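These are the residues of each chain, in order.
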Amino acid sequence: MEEISPIDGSRRGLKTTLYLLSLFVYCTQSLYADHPGKAAIASAHYLATEAGHEVLAQGGNAFDAAVAVSSVLAVVEQTSSGIGGGALWLLHRASDNHEVMIDGREMAPAAAHKDMYLNADGSVNRDLAVNGPLAAAIPGEVAGLEHLAVNYGKLPLAQSLKPAIRIAREGFPVYTKLFRMLEYKEKVIRRWPAATKAFLPAGKVPEMGQIISLPELADVLEKIAGEGRDGFYTGAVAQKLVAGVRAAGGIWSMEDLAGYVVKERKPVRAHYAGYELVTAPPPSSGGIAIAEMLNILEPYHVEKLGKVQRTHLVVEAMRRAFRDRALYLGDPDFYPVPQSMLIAPDYAAGLRAGIMFDKATPSDMLPGRDNLPDGTDTSHFSIIDSAGNMVAATLTVNTIFGSSFMVPGTGFVLNNEMDDFSAKPGEPNAYGLIGFTANEIQPKKRPLSSMSPTLILGADKVAVLGTPGGSRIISMVLLGVLDFMAGNGPQSWVKLPRYHHQFLPDRISAEPDAFTAEEVLALQAMGHSVEVRNRCWGNMHGVMWDRKTGEVTAASDARSDAGRAIVR
Ligand code: DON
């Protein structure tokens, strides 16, 4: 008889336990449906959500729907995203459980340089950095849409672009957010005749409900439908763009456009409470920051703590992740981002060791600033189709209407994504974010993003979420993920009162309903500075599939009235 050493015996025991465990997981999983059978889309505009379902009904999958939703948003929500901007689409393909991020982030033009926004006295010229063609990086959205359609979709690009072309030609009614943002940006838009003609028809902010049509944008989209990315990056449209940008003081060239490249990036993965998080890698800072924060938080079991204690620990995690964002993150093709260190549980353990339970850690390692503006733009949508394919996409022109600059004859505004670079070491950008070498301006480099499209994968539930909001994207997605972990669904994540800390400025910024007066006092007693704002932020859209019950749910943030979540 074979003799079994105690070690062998325990190995065998371990093997048996593992075998039984995997049998259990297999059995429970196979009890659950392997596809949702229904599709859910939640986006920032009802016409975009409808367009996604229209394309699904024609036999398209989630990726075709993503092309339709993105392109309709590029028409109806130019405050936030468009073909003059960029996007990150995070995909899950159900047939082989493949996850990938399509990086359609803008690239700096070849003539860009480190000091391009500095005045003679060395200060940053904020107007140049955010308004007008010099603020615009080379757009990536069109190349990304083609990449999605060709490599992941079932329908031709031209078919998925149809709703956008139709809406651009026939027009769409002005809605509350568009109306308000036009009022807010009217002065800047007026600097450029083409943007004025498109968005201030009759020379003034249009009335609510007035129909805006963008026939020139419809023409450009038709060209893309016919020729793919070449219809935008080479040929007549490209020539028009380059000539228009240069005539107004910009630095784009034909080579910049022709040389735009989409990248497929391996997502960041994090694990929390038995779920796997799949989220945005660099050139976004979001995934790494979220992974780092979850790693710091997991051993605390924050869901079991009282509100003040939980908030304190979540804020301390935010503070540390945002410090690392400023120091270490940038385009990985240009800067050696220490990704594996930042998302390692051991690294988080080191950071956790410096967190006191009853006292805030002051962010005094870098000079603080005090001019954080409110983030209200960029767009996010979440899709799951009946086969279980998923898309989390965040799209942007950066701040409201991007640079507000429009090349005559095109119908779309150009982004001001160059401001997502650090224009000067330690100098805050539009979101009060600071950066150093990792995110300095370099030709053809991608500016660091906070966009954090995220998937949560579990045996019992899967979820898709994200939001706009500049630097606050990261903290909003973290709060959404923690809310999912607490057992709640999309209706709850999108409604949740939000708070945020980004290392500098060293304060918690909170929505009006985030804390009671007593909770604010308790946080202050721990040494936190708390600023309760008189406004809300973000525009989160999420979907969830409960594999146990088969239920598919979706929700759109009520902070904006145009959003729509539809399960069909
Ligand atoms: O990529 C980024 O991080 C920014 N351009 C996102 C801007 C944004 O979310 C604006 N919304 N408030």
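Residues numbered from 1 in each chain as written. Predicted model: local features only at pLDDT ≥ 70, side-chain atom pairs only at ≥ 80, totals over all residues. Heavy atoms only, no water.

Let's talk about the confidence of the model for the chain
How we decide: One confidence number per residue, pLDDT, is output by the predictor and ranges from 0 to 100. By the convention used here, residues are in contact when the closest approach between their heavy atoms is within 4.5 Å.
Summary statistics for the chain give a mean pLDDT of 93 and a share of 92% for residues scoring 70 or more. This stretch, residues 1–10, has a pLDDT under 50; its non-local contacts, to residues over four places away or in other chains, come to three contacts. The low-confidence segment residues 366–375 (pLDDT under 50) makes 31 contacts with residues lying over four places distant or belonging to another chain.

Re the sheet that holds strand β14 (residues 508–510)
Counted only if it meets this: In this description, strands pair whenever DSSP reports at least two bridges between them. Going along the chain from the N terminus, every DSSP run of H or I of four or more residues is numbered as a helix, and every run of E of two or more is numbered as a strand.
Overall, mixed pairing links the three strands, which are arranged β13-β14-β15 in an open sheet. The two strands at the open ends of the sheet, each matched to only one other strand, are β13 (499–500) and β15 (530–532). Pairing between β13 and β14: two bridges, direction antiparallel. Residue pairing across strands places H500 opposite S509, the latter belonging to β14.

A short note on helix α14 (residues 307–328)
Formally: To estimate how far a helix should reach, multiply one less than its number of residues by 1.5 Å. Only protein chains enter the calculation, and the probe is 1.4 Å; a residue is then buried if its accessible area is under 20% of its type maximum, exposed if over 50%, and partly exposed in between.
Across its 22 residues, α14 extends 31 Å between first and last C-alpha, which sits within 8% of the 32 Å expected from 1.5 Å per residue. A large share of α14 lies buried, amounting to 16 of its 22 residues.

Overview of the packing of α14 against helix α19 (residues 517–525)
Put simply, the rule is: All axes here are fitted lines through C-alpha atoms, helices being fitted over the stretch that makes contact, and every angle between N-to-C directions spans 0 to 180 degrees. Roughly parallel refers to an angle under 35 degrees, roughly antiparallel to one over 145, roughly perpendicular to one between 65 and 115, and oblique to any angle outside these ranges. By definition, any crossing whose near helix is turned counterclockwise from its far helix by less than a right angle is left-handed, and any crossing with a clockwise turn is right-handed. Classes in brief: Ala, Val, Leu, Ile, Met, Phe, Trp, Tyr, Cys and Pro nonpolar; Asp, Glu, Lys and Arg charged; the others, Gly included, polar.
Put simply, α14 and α19 touch, their axes get as near as 10 Å, and they point 50 degrees apart. Taken together, the axis directions place α14 and α19 in an arrangement best described as oblique. Once α14 is placed against α19, the crossing between them reads as right-handed. Here K307, V308, T311 and H312 of α14 lie close against α19, whose contacting residues are E519, A522 and L523. Of the residues contributing to the contact of α14 with α19, the split by class is three nonpolar, two polar and two charged.

What to know about the pattern of salt bridges
How we decide: When a carboxyl oxygen of Asp or Glu lies within 4 Å of a side-chain nitrogen of Lys or Arg, that pair is called a salt bridge.
According to the stated counting rule, one finds 31 salt bridges in the structure shown. The partner of E54 in a salt bridge is R166, and the shortest N-O contact between them spans 3.0 Å. Separated by 112 residues along the polypeptide, E54 in helix α2 (residues 46–57) and R166 in helix α6 (residues 157–170) bring together distant segments of the chain. Under the relative-accessibility criterion, E54 is labelled partly exposed at 26%.

Observations regarding the nonpolar core
Basically, it comes down to this: Note on terminology: a nonpolar core comprises buried Ala, Val, Leu, Ile, Met, Phe, Trp, Tyr and Cys residues joined through side-chain atoms within 4.5 Å.
Grouped together as the largest cluster of nonpolar side chains are 88 residues, with contacts concentrated most on V75, I83, W89, F232, F381 and V391. Setting aside residues no more than four positions away along its own chain, F381 makes contact with A42, S43, A66, V69, S70, L73, W89, V391, A392, A393 and L395. One finds M101, I456, L479 and W537 within the second-largest nonpolar core, a separate group that totals 84 residues.

Describing the sheet that holds strand β6 (residues 263–265)
Ordered in space as β6-β3-β2-β10-β9-β1-β18, the seven strands form an open sheet in which the pairing is antiparallel. In this open sheet, the two strands that pair with only one neighbour each are β6 and β18 (564–567). The mean angle between the axes of side-by-side strands here comes to 10 degrees, regardless of whether they run parallel or antiparallel. Sheet analysis places strand β1 (residues 40–43) next to strand β9 (residues 379–384), joined by three bridges and oriented antiparallel. Note on β9: the bridge partner recorded for A40 is I384. Sheet strands in contact with α2 are β1 and β18, and its direction is about 155 degrees off that of β1. Against the sheet, helix α3 (residues 62–76) contacts β1, β2 (86–93), β9 and β10 (390–396), and its axis sits at roughly 155 degrees relative to β9.

Things to note about the pairing of strand β16 (residues 541–546)
For β16, the tally of buried residues reaches six of six residues, placing the bulk of the element in the interior. The alternating pattern of β16 places H541, V543 and W545 on one face and G542, M544 and D546 on the opposite face, and all of these are buried. As judged from the four bridges shared by strand β12 (residues 461–465) and β16, these two strands associate in the antiparallel manner. What sits directly across from V464, in β16, is V543. Pairing between β16 and strand β17 (residues 552–556): five bridges, direction antiparallel. Its bridge partner lying in β17, M544 is registered against T553. The antiparallel pairing of β16 with β17 creates a hairpin that spans five residues between the two strands, and G550 there sits at a positive phi of about 80 degrees.

Digging into α19
Cut-off, in case you're wondering: Each direction from the helix axis to a C-beta atom contributes to the arc, which is the arc of those directions.
Every buried residue of α19 is accounted for by E519, V520 and L523. Axial view of α19: buried residues confined to an arc of 100 degrees, hence all on one face. In this structure, α19 carries A517, E518, L521 and A525 as exposed residues pointing more than 90 degrees from its buried face. Close packing links the buried residues of α19 with α14, β14 and β15.

Quick word on the site of the ligand
Counted only if it meets this: Near is defined per residue: the residue qualifies when any heavy atom it owns lies within 4 Å of the molecule or strand. Pairing of N or O atoms within 3.5 Å defines a polar contact, subject to two protein rules: one partner must be a possible hydrogen donor and the other a possible acceptor, and residues neighboring in sequence count only if both atoms are side-chain atoms. Only the protein chains shown count as cover for residues, and the accessible areas themselves come from Shrake-Rupley with a 1.4 Å probe. Note: domain ranges come from an automatic or database domain assignment.
The environment of the ligand is formed by 17 residues, the closest being D377, E417, D420, S449 and S450. Within the backbone of G470, a nitrogen or oxygen atom sits 2.7 Å from an oxygen atom of the ligand. When the ligand sits alone it has 340 Å² of accessible area, and the protein chains cover 99% of it. Residues that form the shell around the ligand fall into these classes: four nonpolar, nine polar and four charged. The residue makeup of the shell around the ligand includes at least three contributed by each of domain 1 (46–263 + 378–439) and domain 2 (265–374 + 451–567).

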